[in-house]
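Here is what each chain is made of, one letter per residue.
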Amino acid sequence: LRLSIAPLAFFQTCTAAADLLLETVRSLVSDGGRCFPPLLLDICCGGGAIGLDVARAAVAAGASTRVVGLEVSGEGVADARRNAAANGLRGLYE
């Protein structure tokens, strides 16, 4: 997953923790990778890393998950939109 992150946006700099978080969320929302939801609400989405990671895993499994991300930071919303487009994933970020 390629991510663009604004200078003042939050990003988990401990990549081991970020990887564990993404893996845990992906497993929980997809029942261990067996069944992906058609819609994922990514609340406080920031740059969209969590929602886009789930969407990417869904595509790899032959499924489709539409991500709707909500974020109060305008920079975060812009990052999420760019990140979705850069990774060829569909999402709606507001």
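See the structure above.
What you see is a predicted model, and the numbers here were worked out from it, not measured in a lab. (Residues numbered from 1 in each chain as written. Predicted model: local features only at pLDDT ≥ 70, side-chain atom pairs only at ≥ 80, totals over all residues. Heavy atoms only, no water.)

**A closer look at the overall build of the chain**
Applicable threshold: For helices the rule is a DSSP run of H or I covering at least 4 residues; for strands it is a run of E covering at least 2, with both sets numbered from the N terminus onward. For this measure, only C-alpha atoms enter the radius of gyration; the expected value for a globule follows 2.2 Å times N^0.38, where N is the number of residues. Any residue under 20% of the maximum accessible area for its type is buried, any over 50% is exposed, and the rest in between are partly exposed; the area is computed with a 1.4 Å probe on protein chains only. Only the protein chains shown count as covering a residue, and every accessible area follows the Shrake-Rupley method with a 1.4 Å probe. Only four residue types enter the tally: Lys and Arg on the positive side, Asp and Glu on the negative side, with His and both chain ends excluded. A single reference atom marks each charge: NZ on Lys, CZ on Arg, CG on Asp, CD on Glu.
Counting its secondary structure elements, the chain contains 3 helices and 3 strands. Helices and strands in the chain line up, N terminus first, as α-β-α-β-α-β. By the compact-globule yardstick of 12 Å for 94 residues, the chain fits well, its C-alpha radius of gyration being 12 Å. Summarising its shape, the C-alpha atoms of the chain cover approximately 35 × 25 × 20 Å along the three principal directions. Across the 94 residues in the chain, those meeting the buried criterion constitute 33%. Split by element, the accessible area of the chain, about 5,600 Å² in all, is 61% carbon and sulfur. When the 8 positive and 9 negative side-chain charges of the chain are each reduced to one mean point, those points stand 7 Å apart.

**Some thoughts on the nonpolar core**
Note the following rule: For our purposes a nonpolar core is just a set of buried Ala, Val, Leu, Ile, Met, Phe, Trp, Tyr and Cys residues, chained together by side-chain atoms within 4.5 Å. Here, residues are in contact when the closest pair of their heavy atoms is within 4.5 Å.
Judged by nonpolar contacts, the single largest core of 14 residues is most densely connected at F36, L52, V67 and Y93. Elements represented by at least two residues in this core include exactly α2 (49-60) and α3 (74-86). No other element matches the 5 residues that α2 contributes to this core. Sequence-distant contacts of F36, defined by excluding residues within four places in its chain, comprise S30, V54, A57, A58, A61, A63 and T65.

**Focus: the pattern of salt bridges**
As a reminder, the rule being used: Here, a salt bridge means any side-chain nitrogen of Lys or Arg that lies within 4 Å of a carboxyl oxygen of Asp or Glu.
Within the structure shown, the criterion is met by 4 salt bridges. Here R26 and D53 are joined by a salt bridge, their closest N and O atoms 2.8 Å apart. With a gap of 27 residues between them, R26 in helix α1 (residues 15-29) and D53 in helix α2 connect regions that are remote in the sequence. Residue D53 is classed as buried on the basis of its relative accessible area, which comes to 2%. The residue R34 makes a salt bridge to D31 at a minimum N-O spacing of 3.2 Å. Relative accessible area serves as the criterion here: at 65%, R34 is assigned to the exposed category. Residue class for D31 comes out partly exposed when judged on its relative accessible area of 45%.

**Digging into α2**
A turn of α-helix holds 3.6 residues, and therefore any two residues three or four places apart point the same way. Using the following cut-off: Expected helix span is given by 1.5 Å per residue-to-residue step, counting one fewer step than there are residues.
Across its 12 residues, α2 extends 16 Å between first and last C-alpha, which sits within 8% of the 16 Å expected from 1.5 Å per residue. Those residues of α2 not exposed but buried are G51, L52, D53, V54, A55, A57 and A58. Along its buried surface, α2 packs onto α1, β1 (39-43), β2 (66-70), α3 and β3 (91-93). Positive phi shows up at G62, right after α2, with a value of about 85 degrees.

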